[in-house]
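Remarks on the overall topology
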Amino acid sequence: MSRVINNYLAVKRDVEKTCSACGRNPDEVKLLVVSKTIPVPVLMELYDHGIREFAENREPELAMKFDAMPKDIIWHFIGPVQSNKIRKVVKLAHFIHSVDSLDRLERFERIAGEESVKPGIFLEVNVSGEESKGGMTAAELPAVAARAMQCRNLDIRGLMTMAPFEAGIAELEKVFNGLRLLKEEQENTLNCCFPDLSMGMSGDFATAIRCGATVVRVGSKIFEGIGRASQ
């Protein structure tokens, strides 16, 4: 068995163990493979093992891999989307995790309608308040969430956030629990359901799962020791 498959299975076991330890069903948590910078042949090893969902953060690389790989793959876009790239991303990605403002939401809604597609959307919230992180503020979320529930061309999946790098457990729990509470507040206020919380990466996915994550975005742990494509 190849190194990348062994790595993937090890992470999957960690996800399952974490779920079991905190009383959650492992089926509640999607292990999303972050495939950015990874060459297509390596990704095809995962595809041949049955993996069908991958995440990219740059439109040119998403477009290249979309063309080069089988068409039954479900692509997630997890990076910031430039205004002039929205149409391309909407046409290629089944899920977009980085809608970070009311203006962007409106653009996605309009363009998705023009392209006759209905992508899954995550509203990105900057819970930590770090300037280097993308996302709307918690104060901005209610207005965006209320408008999101009126969108006909978007499937509003839930919320997404990124925790500070090298944060301790207490800080991680504050950020991840903060997003969960924001989700619950919007659901109660709008009388709706946001099914998913996209939070947690290679270094902190276990904490994110304990705090309620339903999608963890893991790249470096899966591709540890694997050659990456040049940028």
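1. Some remarks on the pairing of strand β4 (residues 95-99)
Taking burial as the measure, the five residues of β4 include four buried ones, the bulk of the element. Sheet topology places strand β3 (residues 74-77) next to β4; two bridges connect them, and they run parallel. When the bridges of β4 are listed, His-76 appears paired with Phe-95. For β4 and strand β5 (residues 120-124), the ladder comprises three bridges, and the chain directions are parallel. Bridge assignment links Val-99 to a residue of β5, and that residue is Leu-123.

2. Some remarks on the side chain of Glu-109
For Glu-109, the position within the fold is in helix α5 (residues 102-115). Within the buried core, Glu-109 has no salt-bridge partner, and the shortest N-O distance to an opposite charge, that of Arg-147, equals 4.8 Å. Within the structure, Glu-109 has its side chain in polar contact with the backbone nitrogen of Arg-152 (distance 3.0 Å).

3. Considerations on helix α1 (residues 3-21)
Between the first and last C-alpha of α1 there are 27 Å, a value that for 19 residues agrees with the 27 Å anticipated at 1.5 Å per step. Val-4, Ile-5, Asn-7, Tyr-8, Val-11, Val-15, Thr-18 and Cys-19 are the residues of α1 that are buried. Along the axis of α1, the buried positions cluster into a sector of 160 degrees, meaning they face one direction only. Facing away from the buried side of α1, by more than 90 degrees, are the exposed residues Arg-3, Lys-17, Ser-20 and Ala-21. Tucked into the core, α1 has its buried residues touching β1 (30-34), α2 (40-48), α8 (205-210) and β8 (215-218). In the segment just after α1, Gly-23 is the residue with positive phi, at about 75 degrees.

4. A look at the pattern of salt bridges
One side chain can pair with another of opposite charge once the charged atoms of both are near each other. One pass over the structure, following the stated rule, counts 18 salt bridges. Asp-72 is paired through a salt bridge with Arg-52; the nearest N and O atoms lie 3.1 Å apart. Of this pair, Asp-72 sits in the loop between α3 (59-68) and β3 while Arg-52 is found in the loop between α2 and β2 (53-56), placing the two residues 20 residues apart along the sequence. Given the relative accessible area of 42%, Asp-72 is considered partly exposed. Salt bridges sharing common partners tie together Glu-56, Arg-58, Glu-61 and Lys-65.

5. As for the environment of Glu-130
Mapped onto the fold, Glu-130 is located in the loop between β5 and α6 (141-148). Since its relative accessible area comes to 27%, Glu-130 is described here as partly exposed. Sequence spacing of Glu-130 and Ala-163 is 33 residues, and the spatial spacing of their C-alpha atoms is 8.9 Å. Looking at Glu-130, its side chain comes within polar contact range of the side chain of Lys-133, at 2.9 Å.

Rules used in this analysis
- For every chain, the first residue of the written sequence is number 1, and numbering continues from 1 along that sequence.
- Given that the model is predicted, a residue must reach a pLDDT of at least 70 before its local features are reported, and side-chain atom pairs must reach 80 or more before they are shown or counted; all residues, however, enter totals for whole chains, interfaces and linings.
- Each side-chain value is derived from all of the structure's non-hydrogen atoms; neither hydrogens nor water enter the calculation.
- Only protein chains enter the calculation, and the probe is 1.4 Å; a residue is then buried if its accessible area is under 20% of its type maximum, exposed if over 50%, and partly exposed in between.
- Segments assigned H or I by DSSP are reported as helices when at least four residues long, segments assigned E as strands when at least two residues long, and all are numbered from the N terminus.
- Following DSSP output, two strands are said to pair if at least two bridges run between them.
- Lys and Arg are tallied as positive, Asp and Glu as negative. Neither His nor the chain termini are counted.
- We define a salt bridge as a side-chain nitrogen of Lys or Arg found within 4 Å of a carboxyl oxygen belonging to Asp or Glu.
- Counting of polar contacts relies on pairs of N or O atoms within 3.5 Å, with two restrictions inside protein: one atom must be capable of donating a hydrogen and the other of accepting it, and residues adjacent in sequence are counted only when both atoms are side-chain atoms.
- Each residue after the first adds 1.5 Å to the expected span of a helix.
- Think of the arc as the fan of directions from the helix axis to the C-beta atoms.
- Whether two residues touch is decided by their heavy atoms; if any such pair falls within 4.5 Å, the residues are in contact.

These results come straight from atomic positions and should not be treated as a statement about function.
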